[in-house]
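Chain and residue survey
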Amino acid sequence: MKIMIPHSRPTLSKAEIKAVNEVLSSCQIAKGKKVEEFESDFCKFQNIRNAVAVNSGTSALHMALLALDIKGGDQVIIPSYSCCAILNAVLYIGADPVITDVNEDDFNISFEAVLKNLTKKTKAIIVVHNFGLPAELAPLKKLGLPIIEDCAHTVGGKYKDKNVGSFGDIGIFSFYATKMMTTAEGGMVASNKASLIDKIKDLIEYDQKRNFKLRYNYKMSDIQAAIGIKQLKQLPGFIDKRQKLAKQYFQLLNESGFTLPKDFVDRKHLYYRYIIKLAKKHNIFNAIKKLGKEGIECNSPVFQPLHRAFKAKGCPVSEKLMKEALSIPIYPSLSLHQIGFVAQKLLKLFN
Ligand SMILES: *Cc1c(COP(=O)(O)O)cnc(C)c1O
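Procedures and definitions
Residues numbered from 1 in each chain as written. Predicted model: local features only at pLDDT ≥ 70, side-chain atom pairs only at ≥ 80, totals over all residues. Heavy atoms only, no water. Helix = DSSP H or I, 4+ residues; strand = E, 2+ residues; numbered from the N terminus. Rg over C-alpha atoms; globule rule 2.2 N^0.38 Å. Buried < 20%, exposed > 50% of the residue type's maximum accessible area, 1.4 Å probe, protein only. Areas by Shrake-Rupley, 256 points an atom, 1.4 Å probe, with all protein chains shown as cover. Pairing = 2+ DSSP bridges. Axes fitted to C-alpha atoms, helices over the stretch in contact; angles between N-to-C directions. Contact = heavy atoms within 4.5 Å. Core = buried A, V, L, I, M, F, W, Y, C linked by side-chain atoms within 4.5 Å. Near = heavy atom within 4 Å. Polar contact = N/O pair within 3.5 Å; in protein donor to acceptor, adjacent residues only side chain to side chain. Nonpolar A, V, L, I, M, F, W, Y, C, P; charged D, E, K, R; others polar. Right-handed = clockwise from strand over helix to strand, strands pointing away. Phe/Tyr/Trp six-rings, centres within 6.5 Å; stacked < 30°, edge-to-face > 60°. Lys NZ or Arg CZ within 6 Å of the ring centre and 35° of its normal. Parallel < 35°, antiparallel > 145°, perpendicular 65-115°, else oblique. Left-handed = near helix turned anticlockwise from the far one by under 90°.

**Focus on the overall build of the protein chain**
Looking only at helices and strands, the protein chain has 11 helices and 11 strands in total. The C-alpha radius of gyration of the protein chain comes to 20 Å, within 12% of the 20 Å expected for a compact globule of 351 residues. A principal-axis box enclosing the C-alpha atoms of the protein chain has dimensions of 65 × 55 × 35 Å. Buried positions account for 56% of the 351 residues belonging to the protein chain. About 16100 Å² of surface is accessible on the protein chain, with carbon and sulfur atoms providing 54% of the total.

**A word on the sheet that holds strand β4 (residues 122-128)**
In spatial order, the strands read β1-β9-β8-β5-β4-β2-β3; together these 7 strands make up an open sheet with mixed pairing. Of all the strands in the sheet, the pair left with one neighbour each is β1 (50-54) and β3 (96-100). Strand-to-strand, the axes of this sheet are offset by a mean angle of 20°, without reference to chain direction. One ladder, built from 5 bridges, connects strand β2 (residues 75-79) with β3; its direction is parallel. Paired with proline 79 across the two strands is threonine 100, which belongs to β3. Sheet contacts for helix α2 (residues 33-46): β1, β8 (170-174) and β9 (187-191); angle to β1, the most-contacted strand, approximately 130°. Relative to the sheet, helix α4 (residues 84-92) contacts β2, β3, β4 and β5 (147-150), its axis offset from that of β3 by approximately 150°.

**So, the pairing of β5**
Going residue by residue along β5, you find Ile147 and Glu149 tucked away on one face and Ile148 and Asp150 tucked away on the opposite face as well. Two strands pair when backbone bridges link them, and β4 and β5 are joined in this way by 4 bridges, in the parallel orientation. Counted as the bridge partner of valine 128 is aspartate 150 from β5.

**Details of the nonpolar core**
Phe38, Phe42, Val127, Phe173, Phe175, Met188 and Leu235 are the most contacted members of the largest nonpolar core, which has 37 residues in total. For this core, the elements supplying multiple residues, two or more each, are α2, β1, β4, β9 and α8 (222-253). One finds Leu61, Val76, Leu203 and Tyr218 within the second-largest nonpolar core, a separate group that totals 35 residues.

**Some remarks on the site of the ligand**
Close to the ligand lie 13 residues, the nearest being Gly57, Thr58, Asp150, His153 and Lys179. At a separation of 2.7 Å, an oxygen atom of the ligand approaches a polar side-chain atom of histidine 153. Among the elements of the structure, α3 (57-67) and α4 are those that each provide at least two residues to the shell around the ligand. For the shell around the ligand, the per-class residue count stands at 5 nonpolar, 6 polar and 2 charged.

**Points about the pairing of β3**
Among the 5 residues that make up β3, 4 are buried, leaving the element largely enclosed by the rest of the structure. In terms of handedness, the path from β2 via α4 over to β3 forms a crossover that is right-handed.

**A look at the packing of aromatic side chains**
This structure, assessed with the given rule, holds 11 aromatic pairs. Ring geometry for phenylalanine 42 and phenylalanine 173: centres 4.8 Å apart, planes at 80°, overall edge-to-face. Pair noted here: phenylalanine 42 is in helix α2 and phenylalanine 173 is in strand β8, with a separation of 131 residues, a long-range link. Across the pair, exposure class does not vary: phenylalanine 42 and phenylalanine 173 are buried alike. Three or more aromatic residues link up through ring pairs in this structure, and these residues are Phe38, Phe42, Phe173 and Phe175. Geometry around phenylalanine 167 places lysine 141 over its ring, the cationic atom sitting 5.2 Å from the centre. Its guanidinium or amino end placed over the ring of phenylalanine 264, arginine 267 lies 4.1 Å from that ring's centre, counting from NZ or CZ.

**Brief notes about the packing of α3 against α4**
The contact between α3 and α4 brings their axes to 9 Å, and the two run at 40°. By the angle class used here, α3 and α4 are oblique. The element α3 and its partner α4 pack so that their crossing is right-handed. Counted together, Thr58, Leu61, His62 and Leu65 of α3 and Ala85, Ile86, Ala89, Val90 and Tyr92 of α4 form the full contact between these two elements.

**Some words on the side chain of serine 166**
Tracing the backbone shows serine 166 in the loop between β7 (162-163) and β8. What makes serine 166 buried here is its relative accessible area of 9%.

**Focus on the environment of tyrosine 218**
Mapped onto the elements, tyrosine 218 comes out in the loop between α7 (194-203) and α8. For the pair formed by tyrosine 218 and alanine 53, sequence separation is 165 residues and the distance between their alpha carbons is 8.7 Å. In terms of polar contacts, tyrosine 218 uses its side chain to reach the side chain of histidine 62, at 2.9 Å.

**Looking at the packing of α8 against helix α11 (residues 336-350)**
Where α8 meets α11, the closest approach of the two axes is 10 Å, and the angle between their N-to-C directions is 35°. By crossing handedness, the relation of α8 to α11 is classed as right-handed. In contact with Lys244, Leu245, Gln248, Tyr249, Leu252 and Leu253 of α8, α11 contributes Leu336, Ile339, Gly340, Val342, Ala343, Leu346 and Leu347. Considered class by class, the residues forming the contact of α8 with α11 number 10 nonpolar, 2 polar and 1 charged.

If you want it as C-alpha cells, here you go:
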C-alpha cells in the first residue's frame, strides 16, 4: 500500500520560494549578507549573544569541539540513544567517545551514567535535547566540565525559562530538511562566549588567510540562509502546531495500553518526535510493517544505538528502548484529522 502519511516532512511556504528566488536573481548566492542576517535573527530568537551559520549540524558539532580545544586522546561523553553524527564529530578530532546510557522516561543522557563514566581524561559532555524534550541540565552543569548542547531536535526549546543552547558553553543546531526548521542542509553554532564563535568563524573559511592553519569549508550559502530567515519566523507557529497535535494524540491514546511521552514543568516538550511504547507482546519492527500496510510510515526513533559501534555493553536502557519505542508521524503540516486516522489504526492494531 502507498504511504499516505509519511513519518516526517519539512513545512515550506511561498515565503521561502520567494526568498530563494530573490537570492538567485541577485547573483550573490554563496555566503554574504543573508547569512549575516540569519545569524543575527537567530541570536535574537535564541536570546544568545553570538552565532555562526555552517553547512550542517555535523559541522556544527565538529566546530564546537574544536572551539573548546578538545584534542586527540581526550574523552568526550555522548549519549548512546542518539544520532551517529555525534559519534562521527568526536571521531573527526581523534577524541575518544565515551558512550553513555539514557533515562527511560525522557530519552536524555542519564546523570547517574555520566557520573560512572567520568575520568581524569573527560574533557566535555555532549548533551542532546532528544526528540524535542530539553534535558535536565542543572546537575550536569554542576560537574564543571564544558557542555555542548545539541539542540538539533529542540530549537526554540526552553530549560527553566532559558533557551536551550545558552545554558552550556556552546550550543549546536541542525537545519536538515526534516528538523524543527530547515535550510535543506545547514546548522548553527551559538554561544554567549564571543571567543568561541570568533574561532569558528575563522575555521570555516579557508580563503585569504595569512597563515596555513588547517581550516575547513563549512560555510552556509545565502540561498540556505534566505530559507532559514523565513523558517525562523514561522518556528513559534510550528512549535504550537506540534504541541496541539501531541495533545490530540494524548487525548486519543491515553486510555489505551500505550505508554505516551511525558511532559515536564521546567522543560516543555516541543514534540519533534512523538514516541510511544506498545505493550510488551508487540514487536516494534513488525508494528512498523503493519502500520506501513495501512499507509502510515513509522520508525524506530534511533537507527541503532551508538554503543553498538564498539560492541560495548553497559547501555541496557538504550537496548530496551530499541525494542520498545516507536516514533509516529508528527509535523506542522499534519491535520488533526490525520492524527485521528493514525490513532485509530494504532488502537485497532495494537490495543
Ligand atoms: C540531525 C542531527 C545531527 C546532525 O545534523 P546534520 O545537519 O544532519 O549534520 C546532530 N545531532 C542530532 C541530535 C541530530 O538529530
